[in-house]
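# Summary of the model geometry
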Amino acid sequence: MRYVVNLLVLIGIVTLAGCASTGANRQQSGAALGSVNPQLVEVLGDGLIGTITDAQLSSGERKMALEAEYRALEYGTTGDPVKWRNLWSGRSGEVLAAQPYRVGAQDCRPYSHTLTGSGVPSVVRGTACRNPDGSWTPLI
């Protein structure tokens, strides 16, 4: 009986540790951080971060960066940063969306993404336009 109780406690600790490490690796802040439809983020392709040739982001960091770009474009208030950070690697980013403007029937927004890797920030700028399905296409 004691073995079973110890085993259950160990399983609980391992489960909680896994949840804690997942949360620690992923931190985002900014406006309207609700869930993001992955299909809408996929349309961003590599987003602005794809233009940083020495970025060396993991797939998880790439996902956090693209989600931050989407949130800034879709929900961000002009000048309010949407931040992401991988506490494990120390890499982080900040996306700033500017005032939206209209081109014909399409809404577009200039934005910048500052990526900090080895303590040296890289800043890229571009514009994205909103598609009828709610996704954003970068004009790079």
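Residues numbered from 1 in each chain as written. Predicted model: local features only at pLDDT ≥ 70, side-chain atom pairs only at ≥ 80, totals over all residues. Heavy atoms only, no water.

### Section: the nonpolar core
Side chains of nonpolar character tend, in soluble globular proteins, to be buried together. Counting 14 residues, the largest nonpolar core has Trp84 and Tyr111 as the members making the most contacts within it. For this core, the elements supplying multiple residues, two or more each, are helix H3 (59-75), strand S2 (82-85), strand S3 (92-97) and strand S5 (106-116). Here this core takes six residues from H3, the largest share from any one element. (Core = buried A, V, L, I, M, F, W, Y, C linked by side-chain atoms within 4.5 Å. Buried < 20%, exposed > 50% of the residue type's maximum accessible area, 1.4 Å probe, protein only. Helix = DSSP H or I, 4+ residues; strand = E, 2+ residues; numbered from the N terminus.)

### Section: the confidence of the model for the protein chain
Close inspection of predicted coordinates is inappropriate for parts of the model with low pLDDT. Overall, the prediction assigns the protein chain a mean pLDDT of 73, with 60% of residues at 70 or greater. Mean pLDDT in the protein chain bottoms out at helix H1 (residues 2-25), which sits at 38, and peaks at S2, which reaches 95. Predicted confidence for residues 1-33 stays below pLDDT 50, and this span has 33 contacts to residues more than four positions away or in other chains. (pLDDT = per-residue confidence, 0-100. Contact = heavy atoms within 4.5 Å.)

### Describing the packing of aromatic side chains
Considering all chains together, one arrives at one aromatic pair under this definition. Between Tyr70 and Tyr75, the aromatic rings sit 6.3 Å apart at their centres with planes inclined by 80°, giving edge-to-face as the arrangement. (Phe/Tyr/Trp six-rings, centres within 6.5 Å; stacked < 30°, edge-to-face > 60°.)

### Quick notes on the pairing of S2
Burial of S2 is one-sided: the residues Val82 and Trp84 facing one way are buried, the residues Lys83 and Arg85 facing the other way are not. The sheet contact formed by S2 and S3 spans four bridges and is antiparallel. Bridge pairing in S3 places Arg85 opposite Ser92. Between the antiparallel neighbours S2 and S3 lie six residues, among them Gly90 with a positive phi of about 85°. (Pairing = 2+ DSSP bridges.)

### Quick word on the pairing of S5
Pairing geometry for S3 and S5, over six bridges, is antiparallel. Within the sheet, the bridge partner assigned to Ala97 lies in S5 and is Tyr111. The pairing of strand S4 (residues 101-103) with S5 spans three bridges and is antiparallel. Bridge pairing in S5 places Val103 opposite Gln106. From the end of S4 to the start of S5, which pair antiparallel, there are two residues, and Gly104 there has a positive phi angle of about 65°. Across nine bridges, the pairing between S5 and strand S6 (residues 121-130) is antiparallel. Considered in S6, the bridge of Thr116 is made with Pro121. Joining the antiparallel neighbours S5 and S6 is a turn of four residues, in which Gly119 adopts a positive phi near 80°.

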